[in-house]
Every structure is written in C-alpha cells, then in structure tokens.
Amino acid sequence: QVLNCTVGMVELPRGSDGVGPVVCRSGWRSEFSSAHVKRASKRSAAAPQASSMRSRPAKKRVIKGAVGLENLGNTCFMNSGLQCLCFTHALQKYFRHHRHIVAKDTSTPAGRLAAALCELFERHWGKPGLTETARHGPFAPQDVLKAIQQLNPIFAEYQQQDSQELLRFILDCLHEELRSEVPVEVPSWVQQSPVSESSTSTQKETSQQSSQETGQQTNGGSSVPSWSLCAGSDSAADDMGEITLPEPVIVSCSSDELSANSEACAESGAGPAPGSSPSTSPPTRITSIVSEVFQGRQVSSVRCLECGHTSRTVEPFFDLSVPIPNTPQESAAGEESAHASSSSRASPVSYGSGGWLNGLKLVGGFVKNLIGSDPHASEVIDCVRKYCQPELLTGREAYECDKCRTKRDAEKRYTIQQLPEVLCIHLKRFRCDGGWLTGTKNSKPVTVPTDEVLDLSDFVDPSVSSEGAQYQLYAFVQHIGSLGSGHYISYARHRKKNRWIEFDDSRVRECTVDEVREAEPYVLFFQRIPPEDAAPSRLDLREDRLSAVDQLPRLSDSGQEACSMQNLNGILERFVAPDVAFVSRRWYVRFTTMCQPGPIDNYLHVCPHRKLGAIDDSWCQQNFVPVSADLCAALIHEFGGGPVLSRLEKCTKCCDWIVAYNKRKEVEFELINKYDTKELGGKVGDHWYLVHNAWVNNWKRYVRSPKAVHIHHIKGPGKISNDRLFHRPDPAGPSVVKPNLRLRQDFAGVNAVVWSVLHYMHGGGPPICRQDLSLTSQEMPSEGHVLPEELKLQADQPSAGVSSLDRLGWRFVDGCQGDTDAFLSKQVVEVDAAGDKQVDVMPAANEAPAADGL
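Residues numbered from 1 in each chain as written. Predicted model: local features only at pLDDT ≥ 70, side-chain atom pairs only at ≥ 80, totals over all residues. Heavy atoms only, no water.

Peer 1: Help me understand the overall build of the protein chain, please; the structure alone is not making it clear to me.
Peer 2: In terms of regular secondary structure, the protein chain is built from 27 helices and 37 strands. Buried residues in the protein chain amount to 50% of all 854 residues. In the form shown here, the protein chain has an accessible surface area of approximately 40,400 Å², with 49% of it arising from carbon and sulfur atoms. (Helix = DSSP H or I, 4+ residues; strand = E, 2+ residues; numbered from the N terminus. Buried < 20%, exposed > 50% of the residue type's maximum accessible area, 1.4 Å probe, protein only. Areas by Shrake-Rupley, 256 points an atom, 1.4 Å probe, with all protein chains shown as cover.)

Peer 1: Explain the nonpolar core here, please?
Peer 2: The biggest cluster of nonpolar side chains holds 61 residues, and the ones touching the most others in it are Phe-95, Leu-117, Phe-294 and Phe-525. Those residues in contact with Phe-294, other than ones at most four positions away along the chain, are Leu-85, Thr-88, Leu-91, Leu-171, Phe-317, Phe-318, Pro-420, Val-422 and Phe-525. In this structure, Val-667, Tyr-675, Trp-699 and Ala-752 belong to the second largest nonpolar core, which totals 44 residues. (Core = buried A, V, L, I, M, F, W, Y, C linked by side-chain atoms within 4.5 Å. Contact = heavy atoms within 4.5 Å.)

Peer 1: What is the right way to read the sheet that holds strand β27 (residues 688–692) from this model?
Peer 2: Backbone hydrogen bonds are what pair the strands of a sheet, in a parallel or an antiparallel way. Taken together, 3 strands build an open sheet; the order of strands is β31-β27-β33 and the sheet is antiparallel. The open sheet has two edge strands, β31 (747–750) and β33 (769–770), and neither has a second partner. The sheet contact formed by β27 and β33 spans 2 bridges and is antiparallel. Residue pairing for β33: Tyr-689 is matched across the bridge by Cys-769. Here helix α23 (residues 693–704) sits on the sheet in contact with β27 and β31, set at roughly 80 degrees to β27. (Pairing = 2+ DSSP bridges. Axes fitted to C-alpha atoms, helices over the stretch in contact; angles between N-to-C directions.)

Peer 1: I'm lost on the pattern of salt bridges in this one. Help?
Peer 2: Where charged atoms from two side chains of opposite charge approach closely, those side chains can pair. Tallied over the entire structure, the rule returns 20 salt bridges. Between Asp-461 and Arg-312 there is a salt bridge; the shortest N-O distance is 3.0 Å. Of this pair, Asp-461 sits in the loop between β19 (454–455) and β20 (470–481) while Arg-312 sits in strand β8 (residues 310–317), and the two are 149 residues apart along the sequence. Each member of the pair, Asp-461 together with Arg-312, is buried. A salt bridge links Arg-509 to Glu-515, with the nearest nitrogen and oxygen atoms 3.0 Å apart. We classify Arg-509 as partly exposed; its relative accessible area is 29%. (Salt bridge = Lys/Arg side-chain N within 4 Å of Asp/Glu carboxyl O.)

Peer 1: I tried to follow helix α3 (residues 89–97) on my own but got confused; where do I start?
Peer 2: Working note: α-helix, 3.6 residues per turn, so residues spaced by three or four point in the same direction. Within α3, 7 of the 9 residues are buried, which leaves the element mostly enclosed by the surrounding structure. Of the residues making up α3, those classed as buried are His-89, Ala-90, Leu-91, Gln-92, Lys-93, Tyr-94 and Phe-95.

Peer 1: I would appreciate a short explanation of unusual backbone geometry in the present structure.
Peer 2: In most cases, non-glycine residues show a negative phi, while peptide bonds are predominantly trans. In this chain, Gly-642 is followed by Pro-643 through a cis amide linkage whose omega measures 0 degrees. Looking at the element boundaries, Pro-643 is found in the loop between α21 (629–639) and α22 (652–675). Here Gly-765 and Pro-766 are connected by a cis peptide whose omega angle stands at -5 degrees. Looking at the element boundaries, Pro-766 is found in the loop between β32 (764–765) and β33. For Asp-505, which is not a glycine, the phi torsion comes out positive at approximately 55 degrees.

Peer 1: Could you clarify how one ought to interpret the packing of aromatic side chains in this entry?
Peer 2: For any pair of aromatic rings, the description consists of the separation of the ring centres together with the inter-plane angle of the planes. In total, this model carries 18 aromatic pairs according to the counting rule given. Considering the side-chain rings of Phe-155 and Phe-169, the 5.7 Å spacing of their centres and the 45 degrees angle between planes classify their relative orientation as tilted. Of this pair, Phe-155 sits in the loop between α7 (142–151) and α8 (163–178) while Phe-169 sits in helix α8, and the two are 14 residues apart along the sequence. Using a relative accessible area of 17% as the deciding quantity, one classes Phe-169 as buried. Through successive ring pairs, a cluster of aromatic residues spans Phe-77, Phe-155 and Phe-169. (Phe/Tyr/Trp six-rings, centres within 6.5 Å; stacked < 30°, edge-to-face > 60°.)

Peer 1: How do you make sense of the environment of Tyr-414 when you look at a structure like this?
Peer 2: The residue Tyr-414 is located in strand β14 (residues 410–418) in this model. Separated by 115 residues in the primary sequence, Tyr-414 and Val-299 have C-alpha atoms spaced 5.6 Å apart. Here Tyr-414 is in contact with Gln-298, Val-299, Ser-300, Glu-315, Tyr-387 and Cys-388, once residues within four sequence places are set aside. Of the polar contacts made by the side chain of Tyr-414, one reaches the side chain of Lys-412; its length is 3.4 Å. (Polar contact = N/O pair within 3.5 Å; in protein donor to acceptor, adjacent residues only side chain to side chain.)

Peer 1: Honestly, the side chain of Ser-803 in this entry has me stumped. Any pointers?
Peer 2: Inspection of the secondary structure puts Ser-803 in strand β35 (residues 802–803). Looking at Ser-803, the relative accessible area reads 10%, which means it is buried. One polar contact links Ser-803 to Asp-806, side chain to side chain, over a distance of 3.1 Å.

Peer 1: Honestly, the packing of helix α17 (residues 538–549) against helix α19 (residues 585–593) in this entry has me stumped. Any pointers?
Peer 2: Any two packed helices are characterised by the angle at which their axes cross and by the distance between the axes. Packing of α17 against α19 brings their axes to within 9 Å, and their N-to-C directions diverge by 145 degrees. Crossing of α17 against α19: the hand is left-handed. For the pair α17 and α19, the contacting residues are Arg-538, Leu-541, Arg-542 and Arg-545 in the first and Tyr-588, Phe-591, Thr-592 and Thr-593 in the second. Each residue belonging to the contact of α17 with α19 can be placed in one class, and the counts come to 3 nonpolar, 2 polar and 3 charged. (Left-handed = near helix turned anticlockwise from the far one by under 90°. Nonpolar A, V, L, I, M, F, W, Y, C, P; charged D, E, K, R; others polar.)

Peer 1: Can you walk me through the confidence of the model for the protein chain in this structure?
Peer 2: Where the model shows low pLDDT, its predicted coordinates should not be examined in detail. Per-residue pLDDT for the protein chain has a mean of 73; in total, 67% of the residues score no lower than 70. Scored below 50 in pLDDT, residues 193–248 makes 126 contacts in the model with residues more than four places away or belonging to other chains. (pLDDT = per-residue confidence, 0-100.)

Peer 1: Help me out: how do you make sense of the state of the cysteines in this one?
Peer 2: Linking two cysteines covalently through their sulfur atoms gives a disulfide. If you walk through the whole model with that rule in mind, you get 0 disulfides. Distance from the sulfur of Cys-304, which forms no disulfide, to the nearest cysteine sulfur (Cys-307) is 3.7 Å. Take Cys-654: it sits in no disulfide, and the sulfur closest to it among the cysteines is that of Cys-607, at 3.6 Å. What makes Cys-654 buried here is its relative accessible area of 3%. (Disulfide = S-S within 2.5 Å.)

Peer 1: Sorry, what's going on with a positive patch on the surface here?
Peer 2: Residues Lys-64, Lys-127, Arg-495 and Lys-496 make up a contiguous surface patch of positive charge. Inspection of the secondary structure assignment puts Lys-127 in the loop between α5 (109–125) and α6 (128–131). Given a relative accessible area of 58%, Lys-127 falls into the exposed group. (Patch = residues over 30% accessible without salt bridge, like charges linked within 9 Å, V, L, I, M, F, W, Y side chains within 5 Å. Lys, Arg positive; Asp, Glu negative; His and termini not counted. Charge placed at Lys NZ, Arg CZ, Asp CG, Glu CD.)

Put into structure tokens, the structure is as follows:
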C-alpha cells in the first residue's frame, strides 16, 4: 500500500500489516518461544470479539522512524546524516536504553550532544504513548546543532558543509564522551564461581559448569562460534577505540616470513609497547558504543619489488573512503594487470566533463530519472575493489625499503583485518585541490544495492577468517548538485516494514526501489548479516525476558506485577529466585541488534568483592535485565563471559568508598570556590604556591564531574605532580626548575589555603612557594598547612574511630578506598619518650597513590 504522505511524518492505515507466524531459527531451543505462542493465541482469540464491535472509521497511526527534520538554515547536510544515524539500529537502541549513562553529564558540549541525540532517537523510535504528540510534525534538531556549533565553530556559520565530515565529527565526539576502559579478555575469576553467595546449590553447580566450559572455549583454544567476539581478533585489540587514529602498528617481514607471521601481525596491537616492562594488571582496551558499531581495522601492506620485504601497518577505521572507477571493468582490469605486471599502476579517477549532470542537477536532480539509469554504472563492490587493488609506488612515490636501505619500487595494497558491525562507505565524489571555486564533483553513476548483498570476502586479510563478510544496505546520503551548490537528502530502509523512505528535511515520503537504485549515493551504511546457522532468535530472548519479569516480586498488595525494571528500589537486591538470573542490559542490546554480541559482560559491573560496585538501586536496575536461569546458563555456554547473577546485591565496602569519594569532592569544591580569591587578603596566606598546570586541568575535570554512582566512575586527579616542573641537568647534581616555563600554560598559582586543601586531600608535591607568580621569583619558605576553619572543626567529629577530617584526606579516600578498618589498621603510631605525643608514621604525602579507580 502507498503511505499517506504528510509534512514531517508518514501515516499508515491501521491493520494493513498483519501479525506473521513465529519462526524459530535453527540452532536455538524451541521451548523459549512457547511464551510467544501463548501470547499470539490470546491475540487470535480476541480477534472475533473485536470484529463484532460496532464498525468505526479506520484510524491512522504514525510509523516509527518516519519523522522529518526541519531545516534550520542550510542544515540539510546535518539532517541527512542524522537520519542515517537514526536508522542505525544498534546505536539508537543503545542510546534509548542507556539514557542514564549517555546523558548523565550535560555540563559539556559533548554531553549535551549525546543528550540531544537521545531525544532525537526517542522521537523516532520511542513508545507511541510517550511521543505521540511530538510525532505530529517535523522535529527541529536545534539542540543537536547548537552542541555541534559549540564543539566546532566551523559549523556555526550556517553555510553548506560536507555531510561525511559532519558524521565523522559527531562519531568522534560521541566516542570521546562515552569511551571506557575494559579488559581485553574476560577475567579469569569469572570462570571460577558465581557471584552471589546466597544462590542455591543448583545455581552454583549450573553456573560453575557453564563457567568451566566457557573457560575451556576462551582460554583453551577450542573452537567457538564464528559470530562470537571472543573468537575474533577483537580480543587482541589494543587501545584502538580512538577515532583520532593512534599510532599505527608496523610489522616488517620478508616474503618468506609473511605467511608465518600473518597471525602475529593480526594481533600486533594486543601486547605491551616495545621496550615497556610487563604489567601485573591485565591488558585493557578503549571502547564505546561507537567503536563497537562502526570500528574496523585494515592492513596496509607494502612489498618491495626488489627484495620481497613486506611491511604491514594495522590501522583502525570508522569509514572507508573509496574512489569511483571510470568504468565497472576498470577495477577488475586494474587488479589483473597489477598481478600480471608490476609496472602497471592504477589510473587516477577522471574528473572530466563527460557524462556530468551537475548543471541539470541544480534544477532538481530529475534528469537521471528521465533519461534512465546509466548502463555503464559501477557497483559499490567495484569501488571497494578499486580501493583494495594493488598500487605501484615508483618515481617520487618510491618506497624506502627497510631491508634495502634505499628507495625501491614497491606494491601497496589494503586488506580488511577486522570487519565492523556497520560498514560506512564514503564515495570520493569531491575534489578540491584548487579550492571550492575550482573544485569538481565526480558524478559518475554508482548503482545503489537495495537488495544485493555486499560480499567483502575477497578483501579480507589472509590472517583472519572471511566468514561473516556479507553486508546489506539500510541507509545512505545522496548529494544533488555541484560542488559549490547542492542539496543533501537521505534514504533509509524501514527494518520492520521493509520499505524505503526518502527524507528531504521535513518532507518524508515512501519511494519505490527503482527510485532508490537511481539515486546518486555519497555515504552508504551497510549492516553486517549474521550467518544463518549462528543467528539466534532475538524474539525468543525478549519473550523469555518477559516471562522472567513475571516472576519478580509484586509492587503492591493489589496484585500489580512488576512489568518493568523501574521503581523496584531495594527489592531486587533482596529477591532471590531459583529460576531467574540477570544479564547486562548493554549485552542484551548488542545481542538484539548486532551480529556479534561478544561475551556476556556482567563482570564489568562487578567489583573485586564479587558484588555490584554501585551505590544507587536505580543504576543497578537500569543496567540489568532478568532472564531465566536456564537461558542465562545457555548464553554463557554459547558466548562466554559471565558471571551468573542471581540477584542484584550491592557491595557495602564499595558503597563506603563511593560515599567518601563524593563527600570529599563536594567539600573540596565548596572550599576552593570560597578561598580561591584575592579579596580575603592575608587570611589566605602571604605567598604563592605553584602547581603543575596539567594536574590542575585534571583536577578541574574531576571536581566538575557528576557524582560517582559506580566504582568505575571514581577517577580522581591523582597526586600533585609538581615534580614535572623540575629536571636534573647533571645526573649527579640536584634537580632544578625547567627553564622558560609559562604561567597558565605550564603552571598555575594558588594561595596557601587552597594549596593546603589540595595537598591534604590529594597528596603529592613538592610545594613550590614563591613571592610572585613566577618560577624565577624569590623562593619563600613554606607556610605549612593553613587549613580553613571548616576543616579544623571536623577534626573533633569522630565517626567509628575516624574523624570527619581524616575521612577527607587522601590516606582514607585513595589509600584505603574508604575502608574504616583498613585505615585504622594502617595508622601505626609510636609514642615518644614523654609518652604523651603520638606520631603518625603512615606513608608520606608525596607517596600518595593516584585515585584512578580500580
């Protein structure tokens, strides 16, 4: 049926899409779909009753996702890219289900951008009862635009910008805002025992058996399903979460050693840096929802044609910028000729005027539809093939061979080592060598693969398996016009309706497949297709979750069931059911949206005491979903990870640490705001204390951050690092101040009271006291600890043997992690000869450990 088109939304007559049969995919237990069958039978039984009711006019309902975006002034480049992000299933679902994490800090422009995208995704895909009024017109993404303009002033001029550059910028900001450090591999203690000590013996046996089997799969080297992340190269990933690319990993080897070292090249980013001492802590990597969805890795191989020496560089990517071949046969012919003769190099993309439709595109872009599609149009796979085909490096571009120690002709080519969940392909249509006035656009036609599968098996690096290299297009951005003047629109495939929708700012309409195929794509988004024998039924997991929710305690005496994880403060911590377990909501979203969900990451929320290291009940409930205990054991056996959580029990020791951390930060912020001023005169001291500026910047981020809810949120500035302002010209001589240090760039100045507060709460040093705000001014004697009156009063307020003043110091918060017993045990005292004076012999302040969480 044709959708009724309105401005800003698409409406569909009710009842036009019926409920289809339930299909249980092979390889999954059919008993988990029984609940869905019962629910479907209830709906079928209620259908005759509904038909007997008095006939009413058919109502129209709004289709989720079909929401237009208002043009706020040459913002079509932003609207088109945002629509593609809205149809990126894994991204938008994570944002909507983790709003408490994504939008927790709106004090920074990046945090406000994440919060604005949460609202945008909710307008597209939220529940009709919550957003029905909002969907009755186009949405104005003003908060998104404002945050982007604050982050990058280049987008604040309301001029036409490049959509691909904006998409990369948005993903970069989101990644930096949401990044976290996680272990590369599942910790070994996860396979030892389940977390909850109050679990029944049956649960213990089941979880231990599952954990042992998981440990054999992950650590023993036995085979695991190809769609599990623990079997891929992600487990060997290093700090590759940066969109701003880190230093590439370069591995050199001869042609004879290449095949033997290919596996080592694939895992070259996992180990410690060369020359570094091995660390006792397990290796970690930087990740975020952006890197989990969009990040892949490619290998740039350069082979010397004289000696055969090969250098391989592993580089992360978030999109592939591929050229457009002049003809569909060019890429294949170029690759064949490169294999046949090393003297043949790929010809550059022609930017001539032949076949260009830029002038006619300015009138509306309908000429292509009138004259029909180009029979010589290239496919997207041809563009990828041209990007990956060998290239001859000769002449000025000759390669400096490490083995020959001179410049040689070489062959360079790209292969893909790690396939992303969502593959973003950017077609190189614009060339701006001489600026915008003299730049050109390559309008050569590229067929949009609406139904075809994009198979990248031929371009996967030989060191890894090429299984699961098939993708399907779900959205793309089209540019209409020339380089200096044009317009952006986007197309997206509705996942449930299986229909293509065109988004032209606030105008939204359904379009045919032929219209989509004849569009001029610029940035394309492909979703990875899971293997048929490895794709479990996501619907079965949802139904099992609903069945597990039915077993949760009732909210009131009226018999209302706990149909959601909200408003259950304190109940789930005490509730233990032998048939219910909890899995991470983050993993649940990955399982229902991604081809490779990876191991169950419950261990990321568990503290070293094997409980939940969080202080807020709502945080525990928002980060976990209930499932049946049998299904949880089966999922751990299938995907690895864990451990089994039979109840959401908070750790009292970690709660004490979080309370002490938050209390110190609150008191510290109030005191610094009060005493960091010149208006108090001599009350704050007579001299200046200089502090390393990098530490001051870390302290500002720490003190302005939201309250810690989980132990992973505890990220203090560490000890004061004034030692970085000194150096030792003579190895045998004393340390002296570095020359040419500048105020506000290398160091900052504080008064005696502020220095005393910072030094008492964080430790470190040494104190640098000067008469003026300069390192070259006269050195003054330290005034000692000039604590404010507010802190002195707390010295006489003991609680459980520890005064309120001691609870604010670095020894208690950082050294003992808020543990009263540990603090009292470490506070060794000695009595002097008079017997009436106690001397604290705890470690000195300059030996304070950094408060960097776990």
